[in-house]
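Each chain, letter by letter, is given below.
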Amino acid sequence: MLILGLNIFHADASAAIVLDGEVKFAIAEERLNRRKHFGGFPALAARACLDAVGAKISDVEHVAVGQDTHANLAKKLEYALLNPTKILNFIHLRERKVAMRDVRLLLSKALEVDSRELRFREHHLEHHVAHIASAYFCSPWEKAAGFSYDGSGDFVSTMMARCQGNAIEVLERVFLPHSLGSLYTMICEFIGYTKYGDEGKVMGLAPYGEDRYCNEISKIVAPKNGTFQLDLGYFKPLGSNQGMQVLADGTVRLARHFSDRMEKLFGDPRKPHAEITQRDMDLAFALQSRFEEVFFHSLKHLHERVPVDDLAIAGGCALNSVANGKLFEHTPFRQTYIQPAAGDEGLAIGAALHTYHSVLKQPRRHRLRHSYLGPEFSESRIQSALQSAGLPFRKLHRTELLEEVAEHISAGNVVGWFQGRMEWGPRALGNRSIVAHPGRSDMKDILNARIKHREWFRPFAPSILGEYQHEYFEHDHASPFMLHVYKIRPEKRKLLCAVNHVDDTGRLQTVTREENPMYYDLISAFHRRTGLPVLLNTSFNENEPIVCTPEEAIDCFQRTRMDVLGIGPFLIVKPDTQVDMIATSSRTKKEII
Ligand SMILES: [Fe+2]
């Protein structure tokens, strides 16, 4: 049975294909059309899904969309009636959404087929149910508590659920305009981070602040009856989705969220690109601190209703890896499952799996253990791309490639690492990564100066061999998708100085051989040389969506000051790269092309 899942006309539009209950392929449209957070119709992603399983759209039996414009209609109407100035906006948005609902027409146009050939049944699933489904149905559990939170989706910002067998039973919803995601975005905007998706930057800034504004932020958000409440006086009117707009061309744009009361309380907002002051850092600190407090309060309440150890979390706020890392100490939950695409691209998987398990009552067999659900490219395609780019390259056997790349990393060189299938979700997890030495004090500056050009306060992340995690980190719950931040043990902080954040934490990726043998073996080769079972891992890109194709990787390699590129079996070393060459390497075996 073939099910196509879609996230359409919403940020991070995406598609996923599920065959007999197993997610075979999934991709966000931004990786294909190269427009970050693209929020239109995922035409290229849908086509890529079908190609990946060798199917035509006429073979698809079900199409599932993680959005239901009919959901929570009474609440939407109630809000509109209470806010008459918003009624026109509300009607306009609704008309637009209804026009977008003709999925049959949209798919037939996108895939250039006659709509009469399409035989699928169409399913629309409420946004947050799709989020929770994306986590729970990918988890190994038969029973779990489900929690989803973000800015908004189908007029809801937070959902709690009991997940059991094939069913997701919704227990509570927090309706707009109350939204932890909107709170985060509002304060991000106030301190000058005004783009969609900037919240992660502010999470990185928070540890530089001090506890000066926590009381003030408590006036804006407060835990209440197991969830939370905002003081709406600090916000521009929320509620009819005007906080985040998806323009006709798919661009996602944020409108100003904060009201004049924020300026009265905290002074002038910071202009984007202006110097960051202590005030901005302290605000980020207070925001993250209160966000965590409300999150833990809500989780404790959820645990009272669903008293189990296991928690499936999703939604854009589930990308707050700092909060995820702390929840074990602050709530009764003992285990989390957070799907790699916890944000809105994950809706495609959630909607498809919900259709399979909850609507069609099919049994659960599939567990999503890794994030490598995107495209991969043949050796001949990679070779042609290298030849077209005019780059001198060598083809190596697997062990030689790993050893030589590990030697380059040990010597302090920056390596682009392009292998196998692209990751699903916002994190590069060893297949579209830039890797470097985690223990060099100058590495963060080198990466920023040469390639990434990121804000000075943003940390780089470590990938660690799973069996060493407890030696280096103060928590041993696995973090396979780089969605937990833990304290680094005091004796290891200096050794990992390039990935040790200012508060002595790291947003780690736990790497196991079962999930990614090539990446595991690369880290192992580095470990043998340096004694460190860790690599610095950052996404393979430069102010763009993560590279998808060999051509994009080669282009990024050429226009930045990366030293080395390991792409498939090929190695490219820029001419001025220094390395203490490997004593054990036997160059005679290498096939020189
Ligand atoms: Fe969402």
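Throughout, a residue's number is its position along its own chain's written sequence, starting from 1. pLDDT decides what is reported in this predicted model: residues at 70 or higher carry local features, side-chain atom pairs at 80 or more are listed and counted, and totals for whole chains, interfaces and linings draw on all residues regardless. With hydrogens and water stripped out, all remaining heavy atoms of the structure feed into the side-chain values.

Some thoughts on the overall build of the chain
Then comes step 1: The secondary structure content of the chain amounts to 19 helices and 24 strands.
Then comes step 2: In terms of principal-axis extent, the alpha carbons of the chain reach across some 75 × 65 × 45 Å.
Then comes step 3: Counting every position in the chain, which comprises 593 residues, the buried fraction comes to 61%.
Then comes step 4: Intrachain contacts of the chain at a sequence separation of at least 6 include 72% that bridge at least 24 residues.
Then comes step 5: Summed over all atoms, the accessible surface of the chain reaches about 22,600 Å², with 50% contributed by carbon and sulfur.
Then comes step 6: His is not counted here, nor are the chain ends, while Lys and Arg score as positive and Asp and Glu score as negative. Lysine's charge is taken at NZ, arginine's at CZ, aspartate's at CG and glutamate's at CD. Of the charged side chains in the chain, 73 are positive and 73 negative; the average position of the first set lies 1 Å away from that of the second. To qualify as a helix, a DSSP run of H or I must reach at least 4 residues; to qualify as a strand, a run of E must reach at least 2; elements of each kind are numbered from the N terminus. Working definition: with a 1.4 Å probe on protein chains only, accessible area under 20% of the residue-type maximum means buried, over 50% means exposed, and in between means partly exposed. Note on contacts: a residue pair qualifies if any of its non-hydrogen atoms lie within 4.5 Å across the two residues. Per-residue and other accessible areas were derived by the Shrake-Rupley procedure at a 1.4 Å probe size, with only the shown protein chains allowed to occlude residues.

Focus: the coordination of the iron ion
Then comes step 1: Ligating atoms shown are N, O and S within 2.8 Å of the metal, or 3.2 Å for Na, K and Ca, and water is not included, meaning a site may look less than complete. Taken together, the protein ligands of the iron ion are His 127 (NE2), His 131 (NE2), Asp 150 (OD) and Asp 344 (OD), with distances of 2.0 to 2.2 Å.
Then comes step 2: Taken together, the four donor atoms coordinating the iron ion span angles of 88 to 159 degrees at the metal, a pattern that classifies the geometry as irregular.
Then comes step 3: Counting residues between consecutive donors of the iron ion along the chain gives the motif H-x3-H-x18-D-x193-D. One end of the pair, His 127, is in helix H6 (residues 127-136); the other, Asp 344, is in the loop between strand S14 (335-338) and helix H13 (347-359), with 217 residues separating them in the sequence.
Then comes step 4: The class for Asp 344 is buried, based on a relative accessible area of 7%. Under this scheme a four-donor centre is tetrahedral when all angles range from 85 to 135 degrees, a four-donor centre is square planar and a six-donor centre octahedral when opposite donors are above 155 degrees with the rest from 65 to 115, and any other centre is irregular.

What to know about the pattern of salt bridges
Then comes step 1: Take a side-chain nitrogen of Lys or Arg and a carboxyl oxygen of Asp or Glu: if they are within 4 Å of each other, that pair is a salt bridge. The tally for this structure, following the rule as stated, stands at 37 salt bridges.
Then comes step 2: In this structure, Glu 22 and Lys 24 form a salt bridge, with 3.7 Å as the shortest nitrogen-oxygen distance.
Then comes step 3: In this structure Lys 24 comes out as partly exposed when scored by relative accessible area, which is 30%.
Then comes step 4: One salt bridge connects Arg 305 with Glu 172, and the closest N-O pair in it is separated by 3.1 Å.

Quick word on helix H2 (residues 43-52)
Then comes step 1: Residues of H2 that are buried: Ala 45, Ala 46, Ala 48, Cys 49 and Leu 50.
Then comes step 2: Residues of H2 that are buried make contact with strand S1 (2-7), strand S2 (14-19), strand S3 (22-28), helix H1 (30-33) and helix H5 (103-110).
Then comes step 3: Following H2 by one or two positions, Gly 54 adopts a phi angle in the positive range, close to 65 degrees.

Remarks on the side chain of Ser 157
Then comes step 1: In this fold, Ser 157 is placed in strand S7 (residues 156-164).
Then comes step 2: Reaching out from Ser 157, the side chain makes a polar contact with the side chain of Thr 158 at a distance of 3.2 Å.
Then comes step 3: If we skip the residues at most four places from it in the chain, Ser 157 touches His 128, Ser 148, Tyr 149, Asp 150, Gly 151, Ser 152, Val 174, Leu 176, His 178, Ser 179, Leu 180 and Phe 228. Any pair of N or O atoms that falls within 3.5 Å is considered a polar contact. Within protein, one atom must be able to donate a hydrogen and the other to accept it, and sequence-neighbouring residues count only if both atoms are side-chain atoms.

Thoughts on the layout of surface pockets
Then comes step 1: Each pocket or cavity is described by its volume, and for the second largest pocket that value is around 410 Å³.
Then comes step 2: Here a cavity means grid points, on a 1 Å grid over the protein atoms only, where a 1.4 Å probe fits yet cannot get out; a pocket means an open set of points with protein on both sides within 12 Å along at least five of seven lines; lining residues are those with an atom within 4 Å of a point. Taken together, 18 residues line the second largest pocket, and the ones lying closest to its centre are Val 322, Lys 326, Lys 487, Asp 503 and Thr 505.
Then comes step 3: Within the residue set of the lining of the second largest pocket, elements represented by two or more residues are helix H11 (278-305), helix H12 (321-330) and strand S19 (484-487).
Then comes step 4: Gly counts as polar in this scheme, as do all residues outside two lists: the nonpolar Ala, Val, Leu, Ile, Met, Phe, Trp, Tyr, Cys and Pro, and the charged Asp, Glu, Lys and Arg. Of the residues in the lining of the second largest pocket, the class split is seven nonpolar, five polar and six charged. Grid points are joined across faces, edges and corners, and a volume is the space filled by probe spheres set on the points.

Regarding the sheet that holds S2
Note: strands within a sheet are paired through backbone hydrogen bonds, in either parallel or antiparallel orientation.
Then comes step 1: The sheet built from five strands is open, its strands ordered S3-S2-S1-S4-S5 with mixed pairing. Bordering the open sheet on either side are S3 and strand S5 (121-124), each of which pairs with just one other strand. Between one strand and the next, the sheet's axes are offset by a mean angle of 15 degrees, whatever the strand orientation.
Then comes step 2: In this sheet, strand S4 (residues 62-65) lies alongside S1 in parallel orientation, the contact comprising four bridges. Along S4, the bridge assignment pairs Gly 5 with Ala 64. Paired strands, in this sense, are two strands between which DSSP finds at least two bridges. Helix axes are fitted only over the stretch in contact, all axes being lines through C-alpha atoms; the angle between N-to-C directions runs from 0 to 180 degrees.

A few points about helix H15 (residues 398-410)
Then comes step 1: Here H15 contains 13 residues, and its C-alpha end-to-end distance of 18 Å stays within 8% of the 18 Å for a straight helix at 1.5 Å per residue.
Then comes step 2: The positive-phi residue at the C-terminal boundary of H15 is Gly 412, with phi of around 95 degrees. To estimate the expected span of a helix, count its residues, drop one, and scale the result by 1.5 Å.

Comments concerning the sheet that holds S7
Then comes step 1: The strand order across the open sheet formed by five strands is S8-S7-S6-S13-S14, and the pairing between neighbours is mixed. Edge positions in the sheet fall to strand S8 (167-175) and S14, since each of these pairs with one other strand and no more. Strand-to-strand twist in this sheet, taken as the mean axis angle between neighbours without regard to direction, amounts to 20 degrees.
Then comes step 2: Contacts from H11 reach strand S6 (143-153), S7, S8 and strand S13 (310-314) within the one sheet, and its direction differs from that of S6 by about 140 degrees.

A few points about the confidence of the model for the chain
Then comes step 1: For every residue, the predictor assigns a confidence score, pLDDT, that lies between 0 and 100. Looking at the chain, the pLDDT average stands at 93 and 94% of residues meet or exceed 70.
Then comes step 2: Confidence over residues 580-593 falls short of pLDDT 50; this stretch has 26 contacts with residues more than four positions distant or in other chains.

With respect to the state of the cysteines
Then comes step 1: Note on terminology: pairs of cysteine sulfur atoms within 2.5 Å are recorded as disulfides. Applying the stated rule across the entire model yields zero disulfides.
Then comes step 2: You can see Cys 188 has no disulfide; the closest cysteine sulfur is in Cys 317, sitting 10 Å from it.
Then comes step 3: Assessed through its relative accessible area of 1%, Cys 188 is described here as buried.
Then comes step 4: There is no disulfide at Cys 556, and the cysteine sulfur nearest it, in Cys 548, is 13 Å away.

Re the environment of Gln 578
Then comes step 1: Considering the arrangement of structural elements, one finds Gln 578 in the loop between strand S23 (570-573) and strand S24 (591-592).
Then comes step 2: Distance from Gln 578 to Asp 563, taken between C-alpha atoms, is 8.8 Å for residues 15 residues apart in sequence.
Then comes step 3: Not counting residues within four places of it along the chain, the set of residues in contact with Gln 578 comprises Ala 411 and Asn 413.

Digging into the packing of aromatic side chains
Then comes step 1: Whether two aromatic rings pair depends on their centres lying within 6.5 Å, for rings of Phe, Tyr and Trp, where Trp uses its six-membered ring; planes under 30 degrees apart make the pair stacked, over 60 edge-to-face, and the rest tilted. Applying the stated criterion across every chain yields a total of 19 aromatic pairs.
Then comes step 2: With centroids separated by 6.0 Å and ring planes inclined at 40 degrees, the aromatic side chains of Phe 9 and Phe 41 adopt a geometry described as tilted. Of this pair, Phe 9 sits in the loop between S1 and S2 while Phe 41 sits in the loop between H1 and H2, placing them 32 residues apart in sequence.
Then comes step 3: Both rings, one in Tyr 184 and one in Phe 291, keep their centres 5.2 Å apart while their planes meet at 90 degrees; by these two values the pair is edge-to-face. With Tyr 184 in helix H7 (residues 180-190) and Phe 291 in helix H11, the pair connects residues that are 107 residues apart, well separated along the chain.

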